[in-house]
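These are the residues of each chain, in order.
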Amino acid sequence: MDKAQPLTGQPASFDMLLFGATGDLALRKLVPALYRRHLAGQVVAGSRILGVARTSQTREAYLAQIEETCRKYLRAEEFTAERWTSFAALIDYVTVDATQIQDFHKLAAVLSGRDDVVRVIFLSTAPSLFTQICNHLAAVGLVTPKTRVVLEKPLGQDRASAEAINQSVGAIFREHQIYRIDHYLGKETVQNLIALRFGNTLFEPLWRRGRIRHVQITVAEQLGVEGRGQFYDQTGALRDMVQSHLLQLVCILAMEPPASSDPNAVRDEKLKVLRALRPITDRDVQTKTVRAQYRAGASNGQAVPGYLDEAGVPADTTTETFVALKAEIDTWRWAGVPFYLRTGKRLAERLTEIVVTLEDVPHSIFEGPSSDRSPNRLVIRLQPQESITLSILAKQPGETMRLKPVNLALDLAGSFKEKPVDAYERLLMDVVKGNLTLFMRRDELDAAWRWIDPIREGWARNDEKIKSYVSGSWGPAASSALISRDGFAWQDES
Ligand code: BG6
C-alpha cells in the first residue's frame, strides 16, 4: 500500500476540474462549497476552477447557470455581487465529451504550463465513464505527480464492478492520488465523534461489550427520489446509503483507537471493522434485513406519490427505498452487541442519529415504573442540527424517589464562535491539502462490497414480496419487529 503524502497543512494554489459540472452534485454542493471556501480565503491566489461537461456552452452561459444555483443554495448574506464577481473570475468552462480524445487535447491546452500546480480532478459523472476519462487524461499528459482524482459514489454496483473501476483508475493513478469520497465523513459531528472517542478518557472504558447493550444508526430522509428516479432505481437504499454512509459511521463508532491520525493508521482500523462484520447470507437475510418501498402518503403536510409512481421508475421494480438491518461485529470488543441500521426516503423526519444504549444497572434499588430504570443513552445527532447528549437518570424533585432521564448536552454551538464547515467544503480542501484520512482506501471499499453483495443476492433469491410503508411514516412494521425481536425499540418508538 502506498504511503500517504505528507500534509502540507495550508492549501496551495490549485486547478480544480469538475467533471459533470452541469450535474446536480456540482451545482448543488461542489460549486457552492468552493464559493464558501473562496470567501474563507482558502482558495489561494492563482487557483482556477474548470467546469467540464458535455453540454456545449460558453463560459458566460456556465457562469449564468452556477450564479443561479449559488443564489439558491447559499444563504442570502453569503451571496453579494462583489463576492460573486471575485469568485466568477476563477471559473472557466470547457466542453468535453468523455468519449472524445480530441476534447481532452482542448483541456490540455487550457491547462498548459500548469503542471506544477496541484491538480484536482473531481469525477462526478456516471461511474461508467471513470475509466475512459482517466485514460484520456493520461493520454494527453494531464496526469502529473501533483494530480489527485476524486471519485464520487456510487463506486460500482457490486464488488466486481467496483474492483474493475479501482483497477482501471489504479492503472493511471497511484493509491495516494485517489480520493474516494464519502461526504458523511466530512460532517462536523462525525469529526466530533472521533474527538469524543479519542480525545477523552471518559468513554473508552465504556466503549465495548458488557457496557454497551446495542447501537442504532438512523439516516432518515423526508425527500423522495427528487427526479432521480431512473438513477435511483438502478441503485436502491442498500447501495446508495448503507454500503457507503452507514458502514462508514459503523467504522468510526466501532474501530479500535488508531495509533495516530495518519491516513493509513485510521484506515487500517476502519478496514478491520469492515472485515469483522458477520456475513449476512441466505437464511439470515430474511431475519436480519428488511427492505421496503414507500407508498403514497404525506410529507410535511403535502400529499406525495408512491415510489412506483415517480418519474423514471419502472412499474414492476423491486428496488428498495428503505432498509433496516442488524449488523454484528465479530471482535472481542463487540461480540454480542447488535448494531441496528436503518435508512429510507420519505420517512417521517429528516434525521441522522446514532444512539448508543448502555447496559441496564445490574440491580435496581429504586421502586417505581420501569421507565425509572431506562438505560443511559448517548445520542449523537448529525442532522438536522448537530448535538451530542447523554441521557442519564436523575431524581425528580419531590418527596418520593422517582427517577427520570435528564439530558447532559454538549453546547457545541455556544462553545465555539466558529461556524461548522459543510462536509464538501472540508473534504474538497482536504484533497487540495493532500489529506487522505477521511477518504476510503481501495481495500475498505472492497470489504464494504464483500459484506453488501450477499444481502442483495439473498434478496434476489428470496421471492418474498418487497414490503411497503406509507410516506411520512418511520418505515414498515417489519422494521420495528426486526429490533423488537431482540427486546429493543428504535429511539422514536421507545
Ligand atoms: C447521497 C445519496 O450520497 O446522500 C442521496 O446518493 C442522499 O440519495 C444523500 O439523499 C443524503 O445526504 P445528506 O448529507 O443530505 O444526508
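(A) A look at empty space enclosed by the protein. All told, the structure shown has one cavity of 30 Å³ or more when counted by the stated rule. Of the voids in this model, the largest cavity is the one considered here, and its volume is about 50 Å³. For the lining of the largest cavity, the residue count by class is six nonpolar, two polar and three charged.

(B) Just the pattern of salt bridges, in detail. Taken as a whole, this structure holds 34 salt bridges when the rule is applied. With its nearest N and O atoms 2.9 Å apart, the salt bridge here joins Arg71 to Glu67. With Arg71 and Glu67 both in helix H2 (residues 59-73), this residue pair falls four residues apart, about one helical turn. Across the salt bridge formed by Asp486 and Lys326, the nearest N and O atoms sit 2.9 Å from each other.

(C) Region of interest: the packing of helix H5 (residues 130-139) against helix H6 (residues 159-172). Remark: H5 packs on H6, axes separated minimally by 9 Å, with the N-to-C direction vectors making an angle of 10°. The angle between H5 and H6 falls in the class roughly parallel. The segment H5 lies against H6, with Phe130, Thr131, Cys134, Asn135 and Ala138 engaging Ile165, Ser168, Val169 and Ile172. For the contact of H5 with H6, the residue count by class is six nonpolar, three polar and no charged.

(D) Examining the site of the ligand more closely. Lys153, His183, Tyr184, Lys187, Glu221, Arg228, Asp240, Met241, His245, Lys345, Arg350 and Gln383 make up every residue found near the ligand. Note that an oxygen atom of the ligand is positioned 2.6 Å from one of the side-chain N or O atoms of Lys187. A distance of 2.5 Å is found between an oxygen atom of the ligand and a side-chain nitrogen or oxygen belonging to Glu221. About the coverage of the ligand: the protein hides 81% of its 400 Å² of free accessible area. If you tally residues by element for the shell around the ligand, the top one is helix H8 (residues 229-254), at three residues. Looking at side-chain class alone, the shell around the ligand contains two nonpolar, three polar and seven charged residues.

(E) Region of the structure containing the side chain of Thr289. Summarising the element assignment, Thr289 is placed in strand S8 (residues 289-295). Polar contacts involving the side chain of Thr289 include one to the main-chain carbonyl oxygen of Val285, which spans 2.6 Å. Aside from chain neighbours lying at most four places away, what touches Thr289 is Ile280, Asp284, Ala324, Leu325, Ile455, Trp459 and Leu482.

(F) Region of the structure containing H2. Along its 15 residues, H2 runs 21 Å from first to last C-alpha, staying within 8% of the 21 Å computed at 1.5 Å per residue. Residues of H2 that are buried in the fold lie against helix H1 (24-39), strand S2 (48-53), helix H3 (81-88) and strand S3 (91-95).

(G) Looking closely at the sheet that holds S2. If you walk across this open sheet you meet the six strands as S3-S2-S1-S4-S5-S6, and the pairing is parallel. The sheet is open, and its two borders are formed by S3 and strand S6 (178-180), each paired with just one other strand. Adjacent strand axes in the sheet meet at a mean angle of 20°, parallel and antiparallel pairs treated alike. Bridging between S2 and S3 involves five bridges; their strand directions are parallel. Counted as the bridge partner of Gly51 is Tyr93 from S3. Strands in contact with helix H12 (residues 423-433) are strand S1 (14-19), strand S4 (118-123), strand S5 (147-151) and S6; relative to S4, the strand with the most contacts, it is inclined by about 135°.

(H) Geometry of the layout of surface pockets. Of the pockets and cavities examined, the second largest pocket occupies roughly 330 Å³. Every residue lining the second largest pocket is counted, 19 residues in all, and those nearest its centre are Glu359, Asp360, Val361, Pro362 and Asn376. Along the lines of polarity and charge, the residues of the lining of the second largest pocket split into nine nonpolar, five polar and five charged.

(I) A look at the packing of H1 against H12. It is the contact of H1 with H12, at a shortest axis distance of 8 Å, that shows an interaxial angle of 70°. Here H1 is positioned roughly perpendicular relative to H12, judged by the angle of their axes. As H1 runs across H12, the sense of the crossing is right-handed. Counted together, Leu25, Lys29, Leu30, Ala33, Leu34, Arg36 and Arg37 of H1 and Tyr424, Glu425, Leu428 and Met429 of H12 form the full contact between these two elements.

(J) How the structure looks around the nonpolar core. Counting residues in each nonpolar core, the largest one holds 144 residues, and the members touching the most others are Phe19, Leu107, Ile217 and Phe339. Setting aside chain neighbours within four positions, we find Leu107 in contact with Leu17, Phe19, Leu50, Val52, Val94, Val96, Leu137 and Leu142.

(K) Broad picture of the pairing of strand S7 (residues 212-220). Buried residues dominate S7, accounting for eight of its nine residues. Pairing of S7 with strand S13 (residues 351-358), which is carried by eight bridges, proceeds in the antiparallel orientation. Bridged to Val215 within S13 is Val356. Here S7 runs beside strand S12 (residues 339-344); their pairing, made up of six bridges, is parallel. Note on S12: the bridge partner recorded for Thr218 is Arg342.

(L) Looking closely at the side chain of Gln216. Summarising the element assignment, Gln216 is placed in strand S7. Taking relative accessible area as the criterion, Gln216 reaches 2% and is therefore assigned buried. A polar contact is formed between the side chain of Gln216 and the backbone nitrogen of Gln491, at a distance of 3.0 Å. Not counting residues within four places of it along the chain, the set of residues in contact with Gln216 comprises Tyr340, Glu353, Ile354, Val355, Ile483, Ala489, Trp490 and Gln491.

(M) A look at the sheet that holds S13. Taken in spatial order, the nine strands line up as S16-S15-S14-S13-S7-S12-S11-S8-S17 in an open sheet, and their pairing is mixed. Since the sheet does not close on itself, it has two edges, and those belong to strand S16 (403-409) and strand S17 (467-470), each with one partner. Adjacent strand axes in the sheet meet at a mean angle of 20° when their direction is disregarded. Packed on one face of the sheet, H8 meets S7, strand S11 (322-327), S12, S13 and strand S14 (377-383) and runs near 145° to S12. Contacts between helix H13 (residues 442-461) and the sheet are confined to S8 and S11, with S11 contributing the most and set at about 120° to the helix.

Thresholds, definitions, all that
Residues numbered from 1 in each chain as written. Predicted model: local features only at pLDDT ≥ 70, side-chain atom pairs only at ≥ 80, totals over all residues. Heavy atoms only, no water. 1 Å grid on protein atoms, 1.4 Å probe; cavity = no way out; pocket = protein on both sides within 12 Å on 5 of 7 lines; lining within 4 Å. Points joined across faces, edges and corners; volume = space filled by probe spheres on them. Nonpolar A, V, L, I, M, F, W, Y, C, P; charged D, E, K, R; others polar. Salt bridge = Lys/Arg side-chain N within 4 Å of Asp/Glu carboxyl O. Helix = DSSP H or I, 4+ residues; strand = E, 2+ residues; numbered from the N terminus. Axes fitted to C-alpha atoms, helices over the stretch in contact; angles between N-to-C directions. Parallel < 35°, antiparallel > 145°, perpendicular 65-115°, else oblique. Contact = heavy atoms within 4.5 Å. Near = heavy atom within 4 Å. Polar contact = N/O pair within 3.5 Å; in protein donor to acceptor, adjacent residues only side chain to side chain. Areas by Shrake-Rupley, 256 points an atom, 1.4 Å probe, with all protein chains shown as cover. Expected span 1.5 Å × (residues − 1). Pairing = 2+ DSSP bridges. Left-handed = near helix turned anticlockwise from the far one by under 90°. Core = buried A, V, L, I, M, F, W, Y, C linked by side-chain atoms within 4.5 Å. Buried < 20%, exposed > 50% of the residue type's maximum accessible area, 1.4 Å probe, protein only.

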